[in-house]
Amino acid sequence: MGISRHVCRAVTLIICLPLVVISSLLAVAAIRALLIEDIDYQFAEFKTSGLDDIPESYLESFPEVFGASLRIPTVSTAPGDYDKEQILVFHQFLRDSFPDVFNSSFVKAEVINSYSLLLTIRGTDESLQPYMLAAHLDVVPVDESKWSQAPFGGQVLPDPETGEMFVWGRGAIDNKINLMSIMMALQYLITTGFQPRRTFYASFGHDEEVNGYDGAGHIGRILEERGVVLDFLLDEGLPMTLGVVKGLDVPVAAIGVTEKGWMSVTLETEGEGGHSSAPPIEQVAPRLGRAMHNLEQYPQPSMFGTGPESEMFSYLASSASWPYKMFYANLWLFKPLLELIMSRQRNTNAFVRTTTAVTMVRVGVKENVVPSSGYVMVNHRVHPGQSLHDVLQHDISVIDDPKVKVKVLRQREAHPVSPYGPKVPGWRLIVSATKHIYPTSVAAPGILIANTDTRYYLNITSNIYRFYPVLLTEDEIGRIHGTNERLSVANAKNAVRFYHRVMVTADRDPATVVDQDHSPAVDSDNSTDTSIDSLAGIAIDNSTEISTRNSTLDEFDV
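The text that follows walks through the structure, step by step, so that each part is easy to find. (Residues numbered from 1 in each chain as written. Predicted model: local features only at pLDDT ≥ 70, side-chain atom pairs only at ≥ 80, totals over all residues. Heavy atoms only, no water.)

This part takes up the nonpolar core. F66, L94, F204 and M503 are the most contacted members of the largest nonpolar core, which totals 96 residues. Ranked by residues supplied to this core, first place goes to helix α6 (residues 176-191) with eleven residues. Beyond its immediate chain neighbours, meaning those up to four positions away, M503 contacts Y131, L133, I182, A185, L186, L189 and F200. Counting residues in hydrophobic clusters, the runner-up holds 19 residues, among them V378, L388, I399 and V404. (Core = buried A, V, L, I, M, F, W, Y, C linked by side-chain atoms within 4.5 Å. Buried < 20%, exposed > 50% of the residue type's maximum accessible area, 1.4 Å probe, protein only. Helix = DSSP H or I, 4+ residues; strand = E, 2+ residues; numbered from the N terminus. Contact = heavy atoms within 4.5 Å.)

Moving on: the packing of aromatic side chains. Throughout the structure, instances matching the rule amount to 17 aromatic pairs. Plain terms: the ring middles of Y131 and F232 are 5.0 Å apart, the flat faces sit at 10° to each other, and that makes the pair stacked. Here the residue Y131 occupies a position in strand β5 (residues 131-136), and F232 occupies one in the loop between α7 (216-225) and β9 (233-241), the gap between them amounting to 101 residues. Here Y131 and F232 have matching classes, each one buried. Between F327 and F334, the aromatic rings sit 4.8 Å apart at their centres with planes inclined by 70°, giving edge-to-face as the arrangement. (Phe/Tyr/Trp six-rings, centres within 6.5 Å; stacked < 30°, edge-to-face > 60°.)

N175 follows D174 through a cis peptide bond whose omega is 5°. Note that N175 resides in the loop between β7 (165-168) and α6. Here the amide bond leading from W322 into P323 is cis, since omega sits at 0°, within 30 degrees of zero. With respect to the helices and strands, P323 occurs in the loop between α9 (308-316) and α10 (324-329). Positive phi, normally seen in glycine, also occurs at N211, with a value near 105°.

We now examine the packing of α6 against helix α16 (residues 489-506). Following both chains from N to C, one finds α6 and α16 inclined at 55°, their axes separated by 8 Å at the closest point. In terms of axis orientation, α6 runs oblique to α16. Remark: the crossing between α6 and α16 carries right-handed chirality. Listed contacts from α16 to I177, N178, S181, I182, M184, A185, L186, Y188 and L189 of α6 are A492, A495, V496, Y499, H500, M503 and V504. Residues that form the contact of α6 with α16 fall into these classes: 13 nonpolar, three polar and no charged. (Axes fitted to C-alpha atoms, helices over the stretch in contact; angles between N-to-C directions. Parallel < 35°, antiparallel > 145°, perpendicular 65-115°, else oblique. Left-handed = near helix turned anticlockwise from the far one by under 90°. Nonpolar A, V, L, I, M, F, W, Y, C, P; charged D, E, K, R; others polar.)

Okay, structure coming up:
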């Protein structure tokens, strides 16, 4: 009987001990979540001489002006292939629409490489470090047959279901809203007699959609030659969202502090060909099929926790509802769970790892001929926590076939992670402007999984932020580069308000911008020094070849 009691006690202890540990961990997590505080981005005692807000009366004309910009089809099709005539028409449209900007004594407008625009808005205090607002003139092509409204009509029409007014047209989101909002805000300030103390630039490349080399590439080199060093750069990037992030019923402003790298590789193999009536035992097509299967079956490793995508949850935690607040505030405990959930969904999986996409397959020429060679094109979008070398080694390892040669055609490392957090002046300024327009919003660092012109400015600033100051639904996000691209009139006006606020707020000595020190659950005043190393010409092993064509003609989409 004594033995039975001891056994019962042991069993009870074995059962209860894990429960006690789990209960204790959950209690700690709950307490941490309860204690987390939001970050105050407001500027104490900040005076802007009555320029805090742009009048609604001034914004009434903007939807029509914005729509007119969409009627000019500044389409880019391929590197070097863009509608030069329409781009010049757009230049004149800007001059006609914003005469006070182009006629101002302190605004210098330059045409760079025939088609891009660089505006220098000269400040009165040369000791203050300049900043840049960037956008691009060009748009992607359209399939007019799939649009319900004319893609280059620029019409202001109500939604048939809600009645909300929208401006329709290619470029409504990507990226003429940023460009036109910058110009509209600047026009207003100049008409009020405002001249900034702090110099800033407005940079408008003309070929971002087809790699940006002719446009922003030239602007970046010119500014570097002039010795310009920017405090920060704000370009297109992640939009604000509502109802997209679980547990948050307020607008989420994810600001891209880095963007993914890029690598295109081919898988090539050769073998015995011949007539299909007597096929060889080992064939080219099945070999490539096994290689593709292995790449899909064994994806690149999760990098969750090595980049800003994990700290994003720390910033969101204070505004999240339960139980998400507890999850987001305690990644030390729930990281594996969040990692698993994100990895299972297409959109979020792209944030936690380097993605692998088979984009082209070439094998075979006739139904009764066994091919003797073939190749597959694979595109990787590289997570900032992973090197190009590691991506390539993973491919070779999982393919595990020396007869399949892996060749790198083009590659570029992910961008360095820009500093972020309430102590970082550029970040703080952008977030403060966002919260001025959307008071209930919560801001967080993010990864831009697409690519922008910002790579051409990496040599003149380490503080690069990628953000659309518009609040989009999932449906509207899907229209970018798709059919029926449109933007609500309310969003368009708020974008102007945002850039106006940035210009006014930035006209303060950046050294005095930080008034308070508030940190989220995890101190995320982050800066990362990431070198960009080329792999061109480095031999990995006998089954690997890397092309020395480290081309500047990279991806053609944003």
